[in-house]
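Each chain, written out:
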Amino acid sequence: THQYIKMEIIHKQDEDSGKFQIMDGQNTAGQIFYSWLGKDRIVINHTEVEPAYNGQGIGKQLVYRVVEFAREKQVNVVPLCTFAKRIFEKSEEIRDVL
């Protein structure tokens, strides 16, 4: 069972793109990929969760982490990824970054 393991979120980025990964020990539970659109917007391109971690809120956690990042950087988010778009539709409290 995974719920006892403290999962950590790792951020990797280069000049024009990046990703957040949720790590369960050595395993990647899920990741979300973004790219910069100019200096003031980031595009969420893709969210993926490993099948073993489905239904645990991993994807949603990743979207929320990008929202946090956008707030820190004071930039807007363009949710191109259909999964991320659904999270924004359901979650009013994160729409300030749109």
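Scroll up to find the structure.
Residues numbered from 1 in each chain as written. Predicted model: local features only at pLDDT ≥ 70, side-chain atom pairs only at ≥ 80, totals over all residues. Heavy atoms only, no water.

## Focus: the overall build of the protein chain
Phase 1 of the analysis: Regarding its fold elements, the protein chain presents 2 helices and 5 strands.
Phase 2 of the analysis: The helix and strand sequence of the protein chain, counted from the amino end, reads β-β-β-β-α-β-α.
Phase 3 of the analysis: A compact globule built from 98 residues would reach a C-alpha radius of gyration of about 13 Å, and the protein chain, at 13 Å, matches this within 12%.
Phase 4 of the analysis: For the protein chain, the C-alpha atoms occupy an extent of roughly 40 × 30 × 20 Å along the three principal directions.
Phase 5 of the analysis: Here the protein chain, with 98 residues, has 38% of them falling under the buried criterion. (Helix = DSSP H or I, 4+ residues; strand = E, 2+ residues; numbered from the N terminus. Rg over C-alpha atoms; globule rule 2.2 N^0.38 Å. Buried < 20%, exposed > 50% of the residue type's maximum accessible area, 1.4 Å probe, protein only.)

## A word on the packing of helix α1 (residues 58-73) against helix α2 (residues 82-90)
Phase 1 of the analysis: One way to put it is that α1 packs onto α2 with a least axis distance of 10 Å and a crossing angle of 75°. Between α1 and α2, the angle falls in the class roughly perpendicular. Residue-level contacts link Gly59, Lys60, Val63, Tyr64 and Val67 of α1 to Phe83, Ala84, Ile87 and Phe88 of α2.
Phase 2 of the analysis: Of the residues assigned to the contact of α1 with α2, the class counts are 7 nonpolar, 1 polar and 1 charged. (Axes fitted to C-alpha atoms, helices over the stretch in contact; angles between N-to-C directions. Parallel < 35°, antiparallel > 145°, perpendicular 65-115°, else oblique. Contact = heavy atoms within 4.5 Å. Nonpolar A, V, L, I, M, F, W, Y, C, P; charged D, E, K, R; others polar.)

## Things to note about the pairing of strand β4 (residues 41-49)
Phase 1 of the analysis: The pairing of strand β3 (residues 27-37) with β4 spans 8 bridges and is antiparallel. Bridged to tryptophan 36 within β4 is isoleucine 42.
Phase 2 of the analysis: The loop that links β3 with its antiparallel partner β4 comprises 3 residues; one of these, glycine 38, has a positive phi angle of about 70°.
Phase 3 of the analysis: The pairing of β4 with strand β5 (residues 76-79) spans 4 bridges and is parallel. Bridging from a neighbouring strand, valine 43 pairs with valine 78 of β5.
Phase 4 of the analysis: In the classification by handedness, the crossover that spans β4, the intervening α1 and the parallel β5 is right-handed. (Pairing = 2+ DSSP bridges. Right-handed = clockwise from strand over helix to strand, strands pointing away.)

## Description of the packing of aromatic side chains
Phase 1 of the analysis: By the definition in use, this model includes 4 aromatic pairs.
Phase 2 of the analysis: Relative to phenylalanine 69, the ring of phenylalanine 20 lies with its centre 5.6 Å away and its plane at 70°, an arrangement referred to as edge-to-face. Of this pair, phenylalanine 20 sits in strand β2 (residues 17-24) while phenylalanine 69 sits in helix α1, and the two are 49 residues apart along the sequence.
Phase 3 of the analysis: Residue classification places phenylalanine 69 among the buried positions, given a relative accessible area of 3%.
Phase 4 of the analysis: Arranged with centres 5.5 Å apart and planes meeting at 40°, the rings of tyrosine 34 and phenylalanine 69 form a pair that is tilted. Taken together, the residues span a long stretch of sequence, with tyrosine 34 in strand β3 and phenylalanine 69 in helix α1 at a distance of 35 residues. Just as tyrosine 34 is buried, phenylalanine 69 falls in that class too.
Phase 5 of the analysis: Every member of this aromatic cluster is reached through a ring pair, and the members are Phe20, Tyr34, Trp36 and Phe69. (Phe/Tyr/Trp six-rings, centres within 6.5 Å; stacked < 30°, edge-to-face > 60°.)

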